[in-house]
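Residue-level structural notes
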Amino acid sequence: MAGLQIPLEHVLVLATLLFIAGLVGLMVRRNIIFILMSLEVMLNAAALAFVAAGAYWGQADGQIIFMLILTIAAAEVSVGLGLVLQVQRRFRTLDMDNANRLRG
Amino acid sequence: MMESLFYIAALVALFSTLQALSRSNAAHALIYLIISLLAVAVIFFLLGAPFAAALEVVIYAGAIMVLFVFVIMMLNLGESGDARERRWLEPRIWVVPALLAAILLAELLAVEIQTEGITSGKEVSPKEVGLTLFGPYVLAVEIASMLLLAGLVGAYHLGRRFIDRKSPAGGSH
């Protein structure tokens, strides 16, 4: 028997709330480490929606997309943290408002 | 009964996420973020996706969060050394995350003790996931490997000069 005993909508509401929390964090915080953390929260919320849908229909596809999201998160966070090291070295701060100029 | 476990885990996830994103200290925020990821792992387990739950703990809460910890320690923000670490060991820093983690552990134990198990009607086993992953989704594995290679090269390129600065004796590029 496929399907969940908890309504799928409740899981999706939780995923939405987590995503909104991440989005608000992304827009409000100016520390780049917190921005990266907010990105992680948003990716995680998307993954939760995928796994919930996969569980709802009793298919493995949701978990496979979850693994892809995991890969994306790992690649993104390694490059992002490399950028954090560069920003800290160059600007002596982690505040992104101080790093808003491109070198022309 | 089993349904309430989901709602408790959901509350833990939401609370710890909000805490994580509203801290001012990055190390304290990381603790709450790890609790949030563990709560989501418990939810995966309750949804009948044990493989996803294991991956969430091992890769998300393990590997990716360790990267964050490394960078925060490397940057060594704020005042130095011993005084800061002593402040981190104060109970008010770790009591709430420890309580949340204990709640999640109790939920897992409750699921294990109950015979009817998970809240999902059908558990998607790791075997099914593996068969699907290397069957119709084998192209996704290749794409994931390319993505990880790109991440590896990018991270090495960005971190290289930082490494060189730490050991100027090496010198050559």
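Residues numbered from 1 in each chain as written. Chains lettered and ligands numbered in written order. Predicted model: local features only at pLDDT ≥ 70, side-chain atom pairs only at ≥ 80, totals over all residues. Heavy atoms only, no water.

**Thoughts on the layout of surface pockets**
Size it by volume and the largest pocket reaches roughly 260 Å³. Forming the boundary of the largest pocket are 13 residues, of which Ser78, Gly82 and Leu85 of chain A together with Ala155 and Gly159 of chain B lie nearest the centre. Among the elements that make up the lining of the largest pocket, the one with the highest residue count is helix α3 (residues 61–91) of chain A (five residues). Looking at the lining of the largest pocket residue by residue, the class counts come to 10 nonpolar, three polar and no charged. (1 Å grid on protein atoms, 1.4 Å probe; cavity = no way out; pocket = protein on both sides within 12 Å on 5 of 7 lines; lining within 4 Å. Points joined across faces, edges and corners; volume = space filled by probe spheres on them. Helix = DSSP H or I, 4+ residues; strand = E, 2+ residues; numbered from the N terminus. Nonpolar A, V, L, I, M, F, W, Y, C, P; charged D, E, K, R; others polar.)

**Some thoughts on the side chain of Thr132 of chain B**
All names here are of chain B. As for its position among the elements, Thr132 is in helix α6 (residues 126–133). Thr132 gets classed as buried once you look at its relative accessible area, which sits at 17%. At 2.7 Å, the side chain of Thr132 and the backbone oxygen of Glu128 are in polar contact. (Buried < 20%, exposed > 50% of the residue type's maximum accessible area, 1.4 Å probe, protein only. Polar contact = N/O pair within 3.5 Å; in protein donor to acceptor, adjacent residues only side chain to side chain.)

**Some remarks on empty space enclosed by the protein**
The full count for this structure, using the stated rule, is one cavity of 30 Å³ or more. Volume-wise, the largest cavity comes out at about 50 Å³. In terms of lining residues, the largest cavity is bounded by Leu18, Glu40, Val41, Asn44 and Ala45 of chain A together with Thr17, Leu33, Ser36 and Leu37 of chain B. Listing elements by their share of the lining of the largest cavity, those giving two or more residues are α2 (32–57) of chain A together with α2 (26–46) of chain B. The greatest single-element share of the lining of the largest cavity, amounting to four residues, is contributed by α2 of chain A.

**A closer look at the nonpolar core**
Core analysis: the biggest nonpolar cluster contains 75 residues, and Ile33, Met37, Leu48, Phe66 and Val84 of chain A together with Phe68 of chain B have the highest contact counts within it. For this core, the elements supplying multiple residues, two or more each, are α1 (8–28), α2 and α3 of chain A together with α1 (2–22), α2, α3 (50–75), α5 (91–113) and α6 of chain B. Beyond its immediate chain neighbours, meaning those up to four positions away, Phe68 of chain B contacts Ile33, Leu36, Met37, Glu40, Val77 and Leu81 of chain A together with Leu30 of chain B. (Core = buried A, V, L, I, M, F, W, Y, C linked by side-chain atoms within 4.5 Å. Contact = heavy atoms within 4.5 Å.)

**Things to note about the interface of chain B and chain A**
Between chain B and chain A, the contact holds 61 residues from the first and 59 residues from the second. Buried area between chain B and chain A, both sides added, is near 5,400 Å², and the carbon and sulfur share of it is 77%. Scanning the region where chain B abuts chain A turns up zero salt bridges. Counting across the chain B and chain A interface gives eight residue pairs in polar contact (both at pLDDT 80 or more). (Buried area = accessible area lost by both parts, 1.4 Å probe. Salt bridge = Lys/Arg side-chain N within 4 Å of Asp/Glu carboxyl O.)

**Description of α2 of chain A**
Residue and element names in this part refer to chain A. Relative to the 38 Å expected for 26 residues at 1.5 Å per residue, α2 spans 38 Å between its end C-alpha atoms, a close match to the ideal helical length. Capping of α2 at its N-terminal end is provided by Asn31; its side-chain oxygen lies 3.0 Å from the backbone amide nitrogen of Ile33. At the exit of α2 stands Gly58, carrying a positive phi of roughly 65 degrees. (Expected span 1.5 Å × (residues − 1).)

Spatial relationships are all this shows, so hold off on functional conclusions.
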